[in-house]
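# Per-entry structural report
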Amino acid sequence: MLTALAVALAVAASAAACWLITRDRLTEQLDATLGNVSVDAAYVRALSAECNGTAPEGIRFQPTPYTIQLVSVDGSVCTSPEKSQIPAERADVAVAQGRSGGTVHTARAADGAEMRVSTVPYHGPATDALGNQVAVSVAAPMEQVTEPLNQLALVLLIVAGVGVLGAATTGLWVARAGLKPVDRLTAAVEHVARTEDLAVRIPTEGEDEIARLSRSFNSMTAALAASRDLQQQLIADAGHELRTPLTSLRTNIDLLERSERTGRAIPPADKLALLDSVKAQMGELAALIGDLQELSRTPEQGPGGHPALKVVALHDITGTALERARLRGPSLTLDAALDSWYVRAEPAALERAVVNLLDNAVKFSPPGATVEVRLKDGLLTVRDHGPGIPEDELPHVFERFWRSPSARSLPGSGLGLSIVARTAQQAGGAIRLRPAPGGGTLAELHLPGAPVPPPEEPPGEPSAAEPEGPPAAG
């Protein structure tokens, strides 16, 4: 409708301009023709004598397509025979009185015909009945102008109507064709909202805004589908991991309950073993729930929706984690050499990640072994002397709930290294595990930063030491 309206206005303006210009040009041509008409002096004298009643009988006037009139100073007119009289106007009288050098105007004759009149002074011997000087008017019908204009108006009206109709049809077709992708996108959104089916994809082609929006929608649904799949997988894996300690807890508690009901006491050593098992299973459940909470925790958001990271001393966090690791592995030797290194990260998450790395090394180290911890130039390495990780299992170590077949009998939830990988990614770093020379496993955690803390800055200004983006994973 807007397209048709715009075209209609443009065509109407063009048609009006064309009609007005044509009218002016035709009128100018008629005026020029009337100005070039030369009235013979004998004709003027004969017409004057005819009007004054002094003309001889039988006088004949030659036929002419123009209406010729003599205008007196008092406004009376003398019209050529067989022509309709045209009343004199003030401009014509002014010419007869010698106050104007000539005039051209449009007037209506006695028979109603519209005439174009050109009046000029006459300096010959012809006078009116009172002997006053007269002016000569030459007039022609305005049909010479109006008929072509009417034909032109009809043509313009037809052309304008066809143009507006064509523009409306084309605009409707273009609008429908342009809105088809929007209709498809709307239908897809409504389908997803109604059925929660995230497998819907919109076919896209081209590089316009609708195509970009469709691709963004496809990417969004794909991301949502992947997130839902991961969520379902996480729930399924968590349920599977919870089933084992819960089953063990139920079995041990059933044994204790049955002993109390039947009155058959369990030997003290067996009862102590059952209580130790219950305690261990409770600890495993607590650790699993804590790891799940850590994985599901949303990082604190700062300006622009990015994680709110703080400058923390990696060497201090590693030192704290080493103290906890010594308590969990009293028979192990932890050899540490830590250089100063400051990074931008979430302090709690980073400490949890370092603790997980050290716990992993402690768990797989044999009694009396040495765990080597080094921090230099932003690279934190933890090397144990345990059995190591087979090459075919290395690609899976950072997957949630994945545990090596050889380590499934050991305590753990299978989430520790997943937490480490997530924390490293949020801090712009990378984590890698590889076999250590001579046996064991070498964990390498690289975090961008600096050996000295950044200078204090006014609130609200970004730090120059803040890394612009995460480096490529090593």
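Residues numbered from 1 in each chain as written. Predicted model: local features only at pLDDT ≥ 70, side-chain atom pairs only at ≥ 80, totals over all residues. Heavy atoms only, no water.

### Some remarks on the confidence of the model for the protein chain
Put simply, the protein chain has an average pLDDT of 80, and 82% of its residues get 70 or more. Residue range residues 301-305 is modelled with pLDDT below 50. Its contacts to residues more than four positions away, or to other chains, number 5 contacts. A low-confidence stretch, residues 459-474 (pLDDT under 50), is modelled with 16 contacts involving residues beyond four sequence positions or located in other chains. (pLDDT = per-residue confidence, 0-100. Contact = heavy atoms within 4.5 Å.)

### Some remarks on the side chain of Thr-79
Along the chain, Thr-79 turns up in strand E2 (residues 77-79). By relative accessible area, Thr-79 is classed as buried at 17%. Within polar-contact distance, the side chain of Thr-79 engages the side chain of Gln-69 at 2.7 Å. Apart from the residues within four sequence positions on either side, Thr-79 is in contact with Leu-47, Cys-51, Thr-67, Ile-68, Gln-69, Ser-84, Gln-85 and Ile-86. (Helix = DSSP H or I, 4+ residues; strand = E, 2+ residues; numbered from the N terminus. Buried < 20%, exposed > 50% of the residue type's maximum accessible area, 1.4 Å probe, protein only. Polar contact = N/O pair within 3.5 Å; in protein donor to acceptor, adjacent residues only side chain to side chain.)

### Overview of the sheet that holds strand E13 (residues 449-450)
Spatial ordering of the open sheet is given by E6-E8-E13, a layout of 3 strands whose pairing is antiparallel. Whereas interior strands pair on both sides, the edge strands pair on one side only; in this sheet they are strand E6 (310-313) and E13. In this structure, strand E8 (residues 342-345) lies alongside E13, joined through 2 bridges in antiparallel fashion. Counted as the bridge partner of Tyr-342 is Ala-450 from E13. (Pairing = 2+ DSSP bridges.)

### Regarding helix H4 (residues 143-195)
Taking 1.5 Å per residue, 53 residues should reach 78 Å; H4 reaches 75 Å between its end C-alpha atoms and fits that length. Along H4, the sharpest kink reaches roughly 35°, centred on Lys-180 and followed within four residues by the proline Pro-181. All of the buried residues along H4 are Val-145, Leu-149, Leu-156, Ala-160, Ala-167, Gly-171, Pro-181, Leu-185, Ala-188 and Val-192. Just past H4, the residue Glu-196 takes up positive phi, approximately 60°. (Expected span 1.5 Å × (residues − 1). Bend = angle between axes of the 7 residues up to and from the residue.)

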